[in-house]
Every structure is written in C-alpha cells, then in structure tokens.
Amino acid sequence: MRPPAGLAPVAFEAIEGFGGDDLDAALAVFRRSAARLLEGAPEQRPACPPPPGLLAAAPAALAGDSGGGESFFRRWFSPWRLPQTGFVTAYYEPEIAARPAPAPGFETPVLSRPPDLVTLNETPLRLPSGEALTSARRLRDGRLVPYPVRRAIEVDGAAAGAAPLAYVRDPVELFFMQVQGSARLRLPDGTTRALTYDGRNGWPYTSIGRLAIERGLIAPASMSLDGLKAQLRAMGLSSDQPGRRLMHENLSYVFFRTDDSDDRGRGPIGGEGCALTPLRSIAVDRSIWSYGLPFWIATRVPWESEAETGFQRLMIAQDTGSAILGAARADLFFGAGDRAGALAGRVRHDADFTFLLPRADRAP
C-alpha cells in the first residue's frame, strides 16, 4: 500500500468527536478484518496488500486485552489528513421479491457467473483517448477477447452458460441489485435467498443517475433512488425504449452466486470477504487502500432520518466499488431493506476524512 502524497499528521485530540464515538463497536468490526488478515483468506475483490503495521495490529485486536476501542486505535494507529475535502455516497443491501422460475410479473433473470468469464483485474483502465480497456475476458477460439457489454448480455443472451438463479420484477430491480453488489431475495414460500457478488464483465461503471441529471430528466434536488427507478420505468423498459437504453449506457454487468454461508447470514459479503456491518463498513478505492484500515469520517448526511444530521464515526474499509475512485472517497454501508435504501440513495455529500495509518508504517 502506498498512501497518497500530501498526507499530513494530526493529533487524535484534533479529531472532533473521536472520544464520543462507540469505538468498542468499531473495534468489533475491525476484528472481522483482523481475522481475515491472519487467516490469509483470499479477498473477493483483491485490494492493495496490507502494510506490516496492519498485520501487526491484527493479533492484538483479536487477543482481547487491548483495553477497549479507543486505547487500541490510539496505540496502533496515527491520524493523517489530506488538504482536500472528501466525498461520500452510501449503499445498502436490497431485499427484493423474486420467483425461482419465470412467472407473470417476474421475468427478468438474475444470472450466475458464466463459465467463460476470465477475470484479469477487477479495475478497468482508460486510455488517454477515453477508450476503455476491459478487465475481464472470455475465451473465443483459444484467444482472450473482451467480454460482452450489458446490452449484449441482456438482449442478445451473450453470457453463454450463465444460469438464472431467480427472477425479479424487471430490469430496474436487477440493475440496482448489481449497483449494490448483493441482495436478499424474498420467495413466495416465505424463504429468502442470499446472493453475493461473483464477478463482472469488466467494463467501466457509468452512473445513470448522473446522466439523468445532466440530460434534465431529473432535477438534482429531486434525485433519489426511488425517483430514479420511477423515471426509468416511466421511460419504458423494452430493449428499444429510452429507460432501458439509458441503463445500457452503463456497460458494466454483475453476476451473482447463491450464498448460504454463516458469515453471509450476518450481512452481505464485501470485497474483503467478510460480512459488512451497517454504519461501520465502508467501500474504498482498493487501488489506493488496503482492507481493514480505519477511516474517521465527519459529515452531515440523512442517516438517522431524511433530515441531514451530524455523522462522526470510525469506519472500517471492508469493501470496494467500481465507482469509488480516489483517496478521500468512500461509500457508507447503511444496512439492508427499503428504509436503508431510501436513505442511502440520498447521500452525495462532502465529508472530512481522517485516515488512521498503522504506526509501524511511514506515510509520505
């Protein structure tokens, strides 16, 4: 891991609200990452390798004699800041009605990972010309070629061998399941089926919410997840209608797997490979940061209700996302269900970041 240039040290006493947070709860979440680090367990979406100081802190966290959260983080980490203001969004785990087989009103398949998908690097690259280099391939005639884009998969059936795991209401529900990277499906018999991210086609992620605002389809002040879903449905979801065409401008396509593991029962699985914790786990840019690092984030967002209120919390980097790019950039995990989704969809806010780096590692 190479922290970005420009980091400046600060004192813990300069972090407003640090002592008032529930740092024992933050330590409990950190311990999940610590266990993964010590096991050497494979990451679901590989990030920067953990620095030596983070590996040294992991057994101390698990030993149980750290003296509490505040004492632990002060002992093993030191705070650093960048001069610029950061930016946060939020995400959640959808709970969605589904059917195990096609049925009237449930005809959109949720696809498993196709057997010909070869993941080279989860992070797509862009050339100076703007052309995108995909990070996933498929084998064709003994050669690796770019994997098909969203429209080809959805309309032309280009994901050969991808099996439907279930069927959801429409392409809008599928699209936002893929944006969130996990889902819990509600079946008619009252059971649920947990789905976990299992790869993507490698094309860059494009925010259709940003496109909708730029094209005057939704006013910036009115943007919300429910509003965007309603707008797409009103525009039409057949392959040749504007709502579907707008979704196809996001070339990225995510595949899932059914996951009945004990850890998945605690929450959706993040890029690190462990269950996420509401209002403690964040997604970060994995090309810059390692999983397990603590981030102090201070902002005002609608997290308790639709009103914006103060948010000052120690968060643990346990996930990543295609749209999470930059050092002072994070996606806050809000939890599961409709309420979490309604609040998460309203978060696009500036935030102050303080990075807790292991004391044994030197920042630039």
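For the structure, check the block above.
Structural notes, computed from the coordinates. (Residues numbered from 1 in each chain as written. Predicted model: local features only at pLDDT ≥ 70, side-chain atom pairs only at ≥ 80, totals over all residues. Heavy atoms only, no water.)

1. A word on the pairing of strand 11 (residues 164-168)
Formally: Exposure categories follow from relative accessible area, calculated using a 1.4 Å probe and restricted to protein chains: below 20% of the type maximum is buried, above 50% is exposed, and the middle band is partly exposed. Only DSSP runs of H or I reaching four residues or more are called helices, and only runs of E reaching two or more are called strands; each is numbered from the N terminus. Strands are treated as partners if at least two bridges between them are detected by DSSP.
Most of strand 11 is tucked away: 4 of the 5 residues are buried. Pairing analysis gives 2 bridges linking strand 4 (residues 95-99) to strand 11, with the strands arranged antiparallel. Directly across from Arg-99, in strand 11, lies its bridge partner Tyr-167. Examined bridge by bridge, strand 5 (residues 108-111) and strand 11 share 4 bridges and lie antiparallel to one another. Following the sheet pairing, Pro-109 is matched in strand 11 by Tyr-167.

2. Section: the packing of aromatic side chains
Quick reminder of the rule: Note on ring pairs: Phe, Tyr and Trp rings are taken, using the six-membered ring of Trp, and paired if centres are within 6.5 Å. Classes follow the plane angle, with under 30 degrees stacked, over 60 edge-to-face and the rest tilted. Remark: a charge is flagged as sitting over a ring if the NZ atom of Lys or the CZ atom of Arg is within 6 Å of the ring centre and within 35 degrees of the ring normal.
One pass over the full model with this rule turns up 18 aromatic pairs. Aromatic side chains Phe-295 and Phe-353 sit 6.5 Å apart centroid to centroid with 80° between the ring planes, which places their arrangement in the edge-to-face category. A residue pair is termed long-range when its members are at least 10 positions apart, and Phe-295 in strand 16 (residues 294-301) and Phe-353 in strand 19 (residues 348-358) qualify at 58 residues. The pair formed by Phe-295 and Phe-353 is uniform in burial state, with each residue classed as buried. The positively charged end of Arg-138 is found above the aromatic ring belonging to Tyr-147, 4.7 Å away from the centroid.

3. Details of unusual backbone geometry
Located in the positive-phi region is Leu-279, a residue other than glycine, with phi close to 60°. Turning to its location among the elements, Leu-279 is positioned in the loop between helix 9 (262-266) and strand 15 (281-283).

4. As for the sheet that holds strand 10 (residues 143-146)
This is how it is decided: Note on method: axes are straight lines fitted to C-alpha atoms, helices fitted across the in-contact stretch only, with angles between N-to-C directions ranging 0 to 180 degrees.
Overall, antiparallel pairing links the 3 strands, which are arranged 6-9-10 in an open sheet. A strand with exactly one partner marks an edge of an open sheet, and here the two such strands are strand 6 (117-119) and strand 10. On average, each strand axis in the sheet is tilted by 45° relative to the strand beside it, whichever way the strands run.

5. Describing the sheet that holds strand 12 (residues 182-186)
We apply this condition: The contact criterion used throughout is that any non-hydrogen atoms of two residues lie within 4.5 Å.
The 6 strands are arranged 5-11-4-12-13-14 in an open sheet whose pairing can be described as mixed. Either end of the sheet is taken by a strand with one partner, and the two such strands are strand 5 and strand 14 (254-258). Sheet twist, expressed as the average angle between the axes of neighbouring strands with direction ignored, equals 45°. Two elements, strand 12 and strand 13 (residues 192-200), share 5 bridges in a ladder whose sense is antiparallel. Residue pairing across strands places Leu-185 opposite Arg-193, the latter belonging to strand 13. Lying over the sheet, helix 5 (residues 171-180) contacts strand 4, strand 5, strand 11, strand 12, strand 13 and strand 14, oriented at roughly 20° with respect to strand 5.

6. Digging into the nonpolar core
In a soluble, globular protein the nonpolar side chains are often hidden away together inside. Counted only if it meets this: In this text, buried Ala, Val, Leu, Ile, Met, Phe, Trp, Tyr and Cys residues form a nonpolar core when linked through side-chain atoms within 4.5 Å.
Membership of the largest hydrophobic core comes to 70 residues, with the highest contact counts inside it found for Phe-30, Phe-73, Phe-295, Ile-297 and Phe-334. Of all the elements, helix 1 (residues 23-39) adds the most residues to this core, at 7 residues. Formed by 24 residues, the second largest nonpolar core is a distinct cluster that contains Val-110, Leu-117, Ala-166 and Leu-185.

7. A few points about helix 2 (residues 52-63)
Within helix 2 the residues assigned to the buried category are Gly-53, Leu-54, Ala-57, Ala-58, Ala-60 and Ala-61. Against the buried residues of helix 2 lie helix 1, helix 3 (69-76), strand 2 (77-81) and strand 19. Downstream of helix 2 by a residue or two, Gly-64 has a phi angle that is positive, lying close to 85°.

8. Details of a nonpolar patch on the surface
The line we're drawing: Distance thresholds for patches are 9 Å for like charges and 5 Å for nonpolar side chains (Val, Leu, Ile, Met, Phe, Trp, Tyr), applied to residues having over 30% relative accessible area and no salt bridge. Areas reported as accessible are Shrake-Rupley estimates using a 1.4 Å probe. Residue values count occlusion only from the protein chains shown. Note on definitions: salt bridges are taken to be side-chain nitrogens of Lys or Arg within 4 Å of carboxyl oxygens of Asp or Glu.
Residues Leu-120, Leu-139 and Leu-144 make up a contiguous nonpolar surface patch of about 280 Å² in total accessible area. Its location among the elements puts Leu-120 in the loop between strand 6 and strand 7 (125-126).

9. A word on the environment of Leu-82
Inspection of the secondary structure puts Leu-82 in the loop between strand 2 and strand 3 (86-93). Taking the relative accessible area as the measure of exposure, Leu-82 reaches 11% and is therefore buried. When the C-alpha positions of Leu-82 and Leu-217 are compared, they lie 35 Å apart, and in sequence the two are 135 residues distant. In this structure, Leu-82 is in contact with Pro-4, Ala-5, Gly-6, Leu-7, Ala-327, Ala-328 and Phe-355, ignoring residues within four places of it in sequence.

10. Structural notes on the side chain of Glu-173
Tracing the backbone through its elements, the reader meets Glu-173 in helix 5. Taking the relative accessible area as the measure of exposure, Glu-173 reaches 14% and is therefore buried. Residues within four places of Glu-173 in sequence aside, it is in contact with Ile-96, Val-168, Lys-229 and Arg-233.

11. Overview of the environment of Pro-102
Structurally, Pro-102 is set in the loop between strand 4 and strand 5. Separated by 111 residues in sequence, Pro-102 and Ile-213 have C-alpha atoms that sit 34 Å apart.

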